[in-house]
Amino acid sequence: MKIIGISGSLRKASYNTSLLRALISLQPAGMEIEPIRLNGIPVYDGDNEKATGKPAAILDLDQKIRAAEGVVIVTPEYNFSIPGGLKNAIDWLSRGSSPLKGKRVGVMGASDGPIGTARSQYQLRQTLQSQESIVMPRPEIFVSTAHDKFDVQGTLTDAATLERLKKWLKAFADWVEKKP
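Residues numbered from 1 in each chain as written. Predicted model: local features only at pLDDT ≥ 70, side-chain atom pairs only at ≥ 80, totals over all residues. Heavy atoms only, no water.

Engineer: What exactly am I supposed to notice about the environment of Gln123 here?
Structural biologist: Turning to its location among the elements, Gln123 is positioned in helix α5 (residues 118-130). Taking C-alpha positions, Gln123 is 14 Å from Ser133, a pair spaced 10 residues apart along the chain. Here Gln123 is in contact with Phe80, Ser81 and Ile82, once residues within four sequence places are set aside. (Helix = DSSP H or I, 4+ residues; strand = E, 2+ residues; numbered from the N terminus. Contact = heavy atoms within 4.5 Å.)

Structure follows, in structure tokens:
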């Protein structure tokens, strides 16, 4: 089962990229999660799109999403919302025939705050609904107080969070495979 894992953070040392790495380390046999970072994608501009078309990074991401059976998006929360870079990538992907249409998508995120990335995940779900993605409703992963759950190298050290990730990943794999 081919899964695309997108980190919505551009920072190298982000908790969300670290959360994606933790998820990849737990992937079951038969599943391959390919990590994707969104660095270097220009801000969407309809005039530029008309003049030069979609950027190569978006064409590549579009192709990878189409070839995958599912997508996991790990999003930070910036000012109670999804980060601009992640929204920008989705805006680019939405132009023409969106590769996210009908795609099974799971969302999660990590933050230093007490409620994790609850607000950004709900906004991301709304954005994905506009793409006609099929977003896994449950279980949900909101990693709060991330500074206490990752070490300085970015390794997830919190046993309870690791256990929740294992259960989430199993549920996601079953949901993608069985298409209930």
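Engineer: Got a minute to help me understand the pairing of strand β2 (residues 32-37) in this structure?
Structural biologist: Regular strands have side chains that alternate between both faces of the sheet. Pairing between strand β1 (residues 2-7) and β2: 6 bridges, direction parallel. Looking at β2, one finds that Ile4 is bridged to Glu34. Between the parallel elements β1 and β2, the chain passes through helix α1 (residues 15-25) in a crossover that is right-handed. (Pairing = 2+ DSSP bridges. Right-handed = clockwise from strand over helix to strand, strands pointing away.)

Engineer: Looking at this model, I keep getting lost on the packing of α1 against helix α6 (residues 159-178). Mind explaining?
Structural biologist: The axes of two packed helices give the description: the angle between them and the distance between them. Two elements in contact, α1 and α6, have axes whose closest approach is 10 Å; the angle formed by their N-to-C orientations is 65°. Classed by the angle they form, the pair α1 and α6 counts as roughly perpendicular. Here α1 runs over α6; the crossing is right-handed. For the pair α1 and α6, contact is made by Leu19, Ala22 and Leu23 and by Leu165, Trp168 and Leu169, respectively. (Axes fitted to C-alpha atoms, helices over the stretch in contact; angles between N-to-C directions. Parallel < 35°, antiparallel > 145°, perpendicular 65-115°, else oblique. Left-handed = near helix turned anticlockwise from the far one by under 90°.)

Engineer: Looking at this structure, I do not really get the pattern of salt bridges. What am I missing?
Structural biologist: Two side chains that carry opposite charge are able to pair once their charged atoms sit near each other. For the structure shown, the criterion picks out 12 salt bridges. Measuring nitrogen to oxygen at the nearest pair gives 3.5 Å for the salt bridge that ties Asp60 to Lys64. Of this pair, Asp60 and Lys64 both sit in helix α3 (residues 56-67), 4 residues apart, which is roughly one turn of the helix. (Salt bridge = Lys/Arg side-chain N within 4 Å of Asp/Glu carboxyl O.)

Note that every value here comes from positions in space, so none of it alone points to a role or purpose.
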